[in-house]
Amino acid sequence: MVRVFVFLLLSVLLLGCAPAPEQPEKGSPEKGFNATDVAWLQLADALHTRALPLLGLVRGRSGSRELADLAARLGRKHENERARLRALLVRARVTGANPHAQHDMPGMPTADTLRTLTGLRDDAFDRRFVALFRAYLDQLVLVAKGEQSSGRAPEARELAAAMEREHTADLAELERTGGPRAERRPS
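Rules used throughout
Residues numbered from 1 in each chain as written. Predicted model: local features only at pLDDT ≥ 70, side-chain atom pairs only at ≥ 80, totals over all residues. Heavy atoms only, no water. Salt bridge = Lys/Arg side-chain N within 4 Å of Asp/Glu carboxyl O. Helix = DSSP H or I, 4+ residues; strand = E, 2+ residues; numbered from the N terminus. Buried < 20%, exposed > 50% of the residue type's maximum accessible area, 1.4 Å probe, protein only.

Enquirer: Describe the pattern of salt bridges, and please don't skip the residues or the numbers.
Expert: Following the criterion strictly, the structure yields ten salt bridges and no others. Across the salt bridge formed by Asp 104 and Arg 50, the nearest N and O atoms sit 3.0 Å from each other. Here the residue Asp 104 occupies a position in the loop between helix H3 (65-91) and helix H4 (111-118), and Arg 50 occupies one in helix H2 (residues 35-61), the gap between them amounting to 54 residues. The residue Glu 155 makes a salt bridge to Arg 91 at a minimum N-O spacing of 2.3 Å. Residue Glu 155 is located in helix H6 (residues 154-177), and its partner Arg 91 is located in helix H3; the two are separated by 64 residues in the primary sequence. Assessed through its relative accessible area of 25%, Glu 155 is described here as partly exposed. What you see here is one network of salt bridges that share partners, running through Asp 45, Glu 79, Arg 82 and Arg 86.

Any functional reading would require information beyond the geometric quantities listed.
This is the structure:
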């Protein structure tokens, strides 16, 4: 019994002398995430958030079944990517409002753009949607490359690499689908 007591006492003393693990301040990035990682995660999240309503317009307005199917697949994919981005923001201990959420940046669908698109249908909608979504995907690929070259957190860099590959493939599929040239919906 005395040995157990001595062991416990020594354990408590030794643990008490060990340096406390470094804790990041609340709201500051976890060790391993740099400012580029955080900025990319926030920007990519804002871009994804703004693209979802754009993708949601396609089913009811497009004259192309192929384009509508692509938009539906991309909508599901973007929801999954958004969840991954937000999980990394939590890991990086980033809290508060996303500073990019209200910005109108290159490639980001704006409220005016969405209002304009709601008045379009068939080929006119498809042409405008394809042009807007191409610019959006180009921007996602561009910022993903920036994260890979300047980010520090391996998890963020890996996600950026995956998103660069996936969105480059999405661009190719968007070009193949081509909007107005795609399979026409029966009237």
